[in-house]
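A closer look at the structure
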Amino acid sequence: MVFSWRGGPGARRLLLALLLLAAGKSGSGQVHYSVPEEAKHGTFVGRIAQDLGLELAELVPRFFRVASKGRRDLLEVNLQNGILFVNSRIDREELCGRSTECSIHLEVIVDRPLQVFHVEVEVKDINDNPPVFREVEQKVLISESAPLDSHFPLEGASDADIGVNSLLTYRLGINEYFTLKLKTKNDKSILPELVLRKSLDREETPELNILLTSQDGGKPELTGSVQIKISILDVNDNAPEFDKPGYRVVLFENVPNGTRVIQLNASDLDEGVNREISYAIRLILPVSEKCMFSINAETGEIRIYGKLDFEENNEYEIQVNAIDKGIPSMAGHCTVLVEVLDLNDNTPEVMITSLSPPVREDVQVGTVIALISVSDRDSGANGQVTCSLTPHVPFKLVSTFKNYYSLVLDSALDRESVANYELLVTARDGGSPSLSATASVSVEVADVNDNAPTFAQAEYTVFVKENNPPGCHIFTVSARDADAQENALVSYSLVERRVGERALSSYVSVHAESGKVYALQPLDHEELELLQFQVSARDAGVPPLGSNVTLQVFVLDENDNAPALLPLPGAGGAGGAMSELVWRSVGAGHVVAKVRAVDADSGYNAWLSYELQPAAGGARSPFRVALYTGEISTTRSLDEADSPRQRLLVLVRDHGEPALTATATVLLSLVESGQAPKASSRVLAGAAGAETALVDVNVYLIIAICAVSSLLVLTLLLYVALRCSAPPSEGACGPAGKPTLVCSSAVGSWSYSQQRRQRVCSGEGPPKTDLMAFSPSLPQSGEDCLNSSSEPRQPNPDWRYSASLRAGMHSSVHLEEAGILRAGPGGPDQQWPTVSSATPEPEAGEVSPPVGAGVNSNSWTFKYGPGNPKQSGPGELPDKFIIPGSPAIISIRQEPTNSQIDKSDFITFGKKEETKKKKKKKKGNKTQEKKEKGNSTTDNSDQ
């Protein structure tokens, strides 16, 4: 490497610092080196890595590379030591011709990050070319009459070198006739001329041979020679002469072939043949294999004989001879200088010198995407090129050096919007008209995991029938990810949680790839009505992104549970025979027994109906069973002809498809009114089937006991009335809360197949008539009935609130048949409403909810049906009743009009034993109040 240094060591250090600073900036500044031509392979040029501020260790990882126009093997970089060296022979004359400046422009490119450095290596000329004459021998014709000091121009030599190496000097071989004179032209080139110093005599010396030697100014000096052959002619003492010794012509390039350049004119003072002149081109500079001009020998007109190209040569020198036809002939000389003007005939060239691999969509704004270089062979404004980019968004072009541009990211990328950009780079010169060239740049956007999988809905509802086969497909979830490749690969999984005592994964599973949801086991509507869980969708990106969707799986009921008979006291469990005693004196319509059954299903599958199987032999039975209540009643008065033991088969059927059934056996024993009846199975429930003799009950004793019990019941009713008279906070029946189950027992309460416990109220608005259930044989609380593990208890054969009430009866709940309650031995029979969900029979009463209430409403209105038109007035009704087969009593009273408490009718189910206990507790402070209230007790049967 050759540097030109002027100054001391301080100046050198300053220059080195400036070079390092310039090399450290990407796309700006330039490092300059110089190397002599013809340098040997491996010649040191410069420490390019150090001068550019790059570490040797990062050359290979950053893909250090060198690019240059034209031949790319002249210079090379050793990546081990960062030294730029000569790789092959450099011939300056071949590379740059006769240009005074000759440089090799290198582009040094490194990645991570992408940087470009511009390095210029100047090729120094050495004196490797000797002067060369075009011809080995030059012929010169000189008349013997030529006067002394005549000048005869010679053709000079040419040297391919430049500068001092091309400065030529001439010397002439020793002779006695001529001396050499050097003539300097306008371009500072030297033209040798012969000067006649001694008169010639053709007869004495017809021919002379003189050696002309040319020497350049290089070190070492190189020489070339040519033989000058001088022919001495006879006298033709006037040579032709041109108007001017030199001419100048200006032409545009690309002029048509045959265009006239100039018309030359020469004259000769001689006469005759000696003044006839012919023209010829002696030499055209620069020397080329192509003949660019032609001349008419007769007229001296010069025309274009080729194609002028400013980019090849912008100036021509034509040396013309005018020779007369004398003997010997004489010649005149002139020079025509042709200047070629540039036209905008070259389109710009666009080259993409470096293009980054696919660009990540999260790359920062300002990142260099590609390097672009442009060039134009024209000069001046025709060679000035500007670049533009289409479309402008999201990239832009930034000029980094002369005719060099960087394609830079101007705004954020989004692969999901545009995955590939086709950019058009347009290069346009400044000519008129301007020319342009285009180059396409394709930029591919690499995906980044920036989109989470999304579901079409946030929640899905699925309906599955119960008893499904294990492993059945119930639903398919699908999530879409806007990313690509592995970032869009979605896998599904369950969001694990507990469902009761079990894990969610024991119920369902989801296929990781397809999103199909499978039920792993048969689902049971009676166990699980709604299964709610979440499915997670997660992509395979890094880091992974995910989202959840909620699935609500509703298990639909199927008729898979047959009606179950409730166990009866003394029957030995569910399905056992039920025994009842019936007096023969009862009339038609008397309820003698009641069959109870429940169905674990819901809706119509749990809507039960009862039907009496025909007796053997086709005999007509005096009993019938209510279609929807299961109450067995007489169809006529019993007589002596009826068998004393009646065996009835009751078929219980649900309304499912297909319907399931159960059969109950009822044994009825007909006894006379005067006989002491045996205890029924329900009365002897605590004795577990032990039979005892019927006791003759004193009617008056029973009435006395009932009267004492009524006082206690009235006290309780008063307490309840005071509690219910307060304004309720929610609803008409007291505070709202979780529905409760009224448990069935041996002594009577409600049977509620929906497994809910409720406080049932009759009437609209504030509570006016309360119907409360007491279970004397159950000391534990009502919550124990919710425990499915406890033993089922015998139901009370009174009221039954069937599960069929949930089957869709939306307007009202009708009474199927009227039950008959007795008011003790010998007392009148009282019609009593029974709740059911079927269409009422003509003689039945009905129970209707208030306006706006649903099936599960807590407020009801009781009405007696048309089948019981005879109802005693308030003064005729007894104030207490006994439920058959139960120790419970019913007390009915009506407050006087001037009573201070709530004027409501109360019907209360209670226990005789519990009545006695409560009577002792409240006897002291409630005695007076009980007496006043007892006197006003009436029957309010029109509710």
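Residues numbered from 1 in each chain as written. Predicted model: local features only at pLDDT ≥ 70, side-chain atom pairs only at ≥ 80, totals over all residues. Heavy atoms only, no water.

The name given to the chain in an unreviewed UniProt entry is Protocadherin alpha-C2, with the source organism recorded as Lynx canadensis. Quoted verbatim from the Subcellular location (unreviewed entry) field of the UniProt record, the comment on the chain reads "Cell membrane". (UniProt positions renumbered as here; feature names shortened; annotations may be inferred.)

The helix and strand inventory of the chain stands at five helices and 61 strands. A burial count over the chain gives 44% of its 943 residues as buried. Taking all contacts inside the chain whose residues are at least 6 apart in sequence as the whole, residues at least 24 apart take part in 68%. Approximately 47700 Å² of the chain is accessible, and the part contributed by carbon and sulfur atoms is 53%. (Helix = DSSP H or I, 4+ residues; strand = E, 2+ residues; numbered from the N terminus. Buried < 20%, exposed > 50% of the residue type's maximum accessible area, 1.4 Å probe, protein only. Contact = heavy atoms within 4.5 Å. Areas by Shrake-Rupley, 256 points an atom, 1.4 Å probe, with all protein chains shown as cover.)

Before going further, it helps to spend a moment on the nonpolar core. Soluble, globular proteins show a tendency: their nonpolar side chains are buried together. Counting 28 residues, the largest nonpolar core has Tyr492, Val508, Leu531, Phe533 and Val535 as the members making the most contacts within it. When contributions to this core are tallied by element, the ones reaching two or more residues are strand S33 (459-465), strand S34 (472-476), strand S36 (490-494), strand S39 (508-510), strand S40 (516-519), strand S41 (530-539) and strand S42 (546-556). Sequence-distant contacts of Leu531, that is, excluding residues within four places in its chain, are made with Arg497, Val499, Leu504, Tyr507, Val508, Leu551, Gln552 and Val553. Within the second largest apolar cluster, 27 residues are counted, among which are Ile262, Ile302, Phe310 and Val338. (Core = buried A, V, L, I, M, F, W, Y, C linked by side-chain atoms within 4.5 Å.)

What follows covers the packing of aromatic side chains. Within this structure, the stated rule accounts for 10 aromatic pairs. Seen in terms of ring centroids, Phe242 and Tyr279 are 6.1 Å apart; in terms of plane orientation they differ by 50°. Their pairing is tilted. Residue Phe242 is located in strand S15 (residues 241-242), and its partner Tyr279 is located in strand S19 (residues 277-285); the two are separated by 37 residues in the primary sequence. On the accessibility criterion, Tyr279 (8% relative accessible area) is buried. Judged by centre distance (6.3 Å) and plane angle (55°), the ring pair of Phe401 and Tyr404 falls under tilted. A relative accessible area of 10% places Tyr404 in the buried class. Three or more aromatic residues joined by ring pairs form one cluster here, namely Tyr604, Trp607 and Tyr628. (Phe/Tyr/Trp six-rings, centres within 6.5 Å; stacked < 30°, edge-to-face > 60°.)

Here the focus is the sheet that holds strand S14 (residues 223-233). Taken in spatial order, the four strands of this open sheet run S8-S14-S13-S10, and their pairing is mixed. Both edges of this open sheet fall to strand S8 (137-143) and strand S10 (169-172), since each of them pairs with a single strand only. Adjacent strand axes in the sheet meet at a mean angle of 30° when their direction is disregarded. Judged from the nine bridges that link them, strand S13 (residues 207-215) and S14 form a sheet pairing that is antiparallel. Looking at the pairing, Ser214 lines up with Gly224 of S14. (Pairing = 2+ DSSP bridges. Axes fitted to C-alpha atoms, helices over the stretch in contact; angles between N-to-C directions.)

Our next topic: the UniProt feature "transmembrane region" (unreviewed entry) in the chain. Residues annotated in UniProt with the feature "transmembrane region" (unreviewed entry) correspond here to residues 699-722. Regarding residues 699-722, the helix share stands at 100% and the strand share at 0%, and the terminal C-alpha atoms are separated by 34 Å.

The next subject is the sheet that holds strand S6 (residues 103-110). Reading across the sheet, the four strands line up as S1-S7-S6-S3 and stay open at both edges, with mixed pairing between neighbours. Edge strands, defined here as strands with exactly one partner in the open sheet, are strand S1 (30-36) and strand S3 (65-68). Going across the sheet, the axis of each strand differs from the next one's by a mean of 30°, ignoring polarity. With seven bridges connecting them, S1 and strand S7 (residues 115-124) associate as parallel partners. Each residue of the ladder has a partner; that of His32, found in S7, is Glu120.

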